[in-house]
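Observations on chain architecture
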Amino acid sequence: MNEYIFKRIEKKYLMNKDVKDEFLKRVQDRLEKDKYFSSTVCNIYFDTCDNDLIINSIEKPIFKEKIRLRSYFVPKMEEDVYLEIKTKYKGIVGKRRVKLMLSDFYNYLESGSFKDSQIMRELDYFFKYYDLKPSIFIGYDRNSYKSYEDDDLRITIDSNLRSRRDNLKLDLGSNGENYFNEDMYIMEIKTLEAIPEWLSRTLSDLKIFPVSFSKYGSIYMKEMEERVLC
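Sequence order as written defines the numbering, with residues in each chain counted from 1. Side-chain atom pairs in this predicted model are given and counted only at pLDDT of 80 or more, local residue features only at pLDDT of at least 70, and totals for whole chains, interfaces and linings cover all residues. Hydrogens and water molecules were not included; the side-chain quantities draw on all heavy atoms of the structure.

Concerning the pattern of salt bridges
Stated precisely, the cut-off is as follows: Any Lys or Arg side-chain nitrogen located within 4 Å of an Asp or Glu carboxyl oxygen qualifies as a salt bridge. Runs of E in the DSSP output that reach at least two residues are strands. Runs of H or I that reach at least four are helices, and both are numbered from the N terminus. For every residue, the accessible area obtained with a 1.4 Å probe (protein chains only) is divided by the maximum for its type, and the residue is called buried under 20%, exposed over 50%, and partly exposed between those limits.
Inspection of the entire model under this criterion finds 20 salt bridges. Glu 223 serves as the salt-bridge partner of Arg 165, at 2.6 Å between the closest nitrogen and oxygen. A residue pair is termed long-range when its members are at least 10 positions apart, and Arg 165 in the loop between β7 (154-164) and β8 (177-178) and Glu 223 in helix α6 (residues 215-229) qualify at 58 residues. Across the pair Glu 188 and Lys 190 runs a salt bridge, and its minimum N-O distance is 3.1 Å. Side by side, Glu 188 and Lys 190 carry an identical accessibility label, which is buried. One salt-bridge network, held together by shared partners, links Arg 142, Asp 158, Glu 188, Lys 190 and Lys 215.

Digging into the side chain of Lys 215
What counts here: Two residues qualify as a contact provided that any one of their heavy atoms is within 4.5 Å of a heavy atom in the partner residue.
Relative to the helices and strands, Lys 215 resides in helix α6. For Lys 215, the contacting residues outside a window of four places in its chain are Lys 12, Ile 138, Tyr 140, Arg 142, Asp 158, Leu 161, Ile 186 and Glu 188.

Some words on the nonpolar core
Put simply, the test is: Here, the term nonpolar core denotes a set of buried Ala, Val, Leu, Ile, Met, Phe, Trp, Tyr and Cys residues that are joined through side-chain atoms within 4.5 Å.
Among the nonpolar cores identified, the biggest contains 24 residues, and Phe 46, Ile 67, Leu 69, Leu 83, Phe 105, Leu 123 and Phe 127 are the most heavily contacted of them. When residues of this core are traced back to their parent elements, those giving at least two are β2 (31-47), β3 (63-71), β4 (80-89), β5 (92-101), α3 (102-111) and α4 (118-130). A per-element tally of this core places α4 first, with five residues. Here Phe 127 is in contact with Phe 46, Ile 67, Leu 83, Phe 105, Tyr 108, Leu 109 and Leu 132, once residues within four sequence places are set aside. Judged by nonpolar contacts, the second largest core, of 19 residues, contains Leu 24, Leu 31, Leu 153 and Leu 199.

All quantities given are derived from atomic positions and should not be read as evidence of function.
Dropping the structure here:
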């Protein structure tokens, strides 16, 4: 079982197609397509029956955490997925994840048995302590770039943000209800250090400013608002 640990600064930005296209035009000499440039990111988020984890996250505490199962395509039972703990502390994002076959994850949910590893023990503790259940599917289409000059600088642009509350399995497809009513893009800048001057200047020139936007949190709040209106 492979384990992965990440820690970095992540900034998010919302933009329409015209702004996105102009941004990519201006930085085309600085960025190249990532090895896995195009992907369909599929996530199952886990929560309590009362949605305690996402409610806590929305309240913007100093420290927050989420548990999710992720793939970068619609997986089959014998293909690899990632089970991870995502944390955020004072703006620093951390991820602790294990790679395992989808069938092994389903076996874990049913029997509680797993291949032993430090991160898997942490995940198992969270599942048992919070009595976590599949809560929501969230998917989006992603294009990924990296800097020619700095391997630690990466930019992703996500589109077609969608979700569903039924069929909460990754192998059941990536369909869902669209979050945005128009073409909107979520850009994330991921880096270990400060954003370079050339990138900051481009963002400023195009009036692209960072936003606080959690995909899970935003979808949950929209659902609550629609429930009140009904």
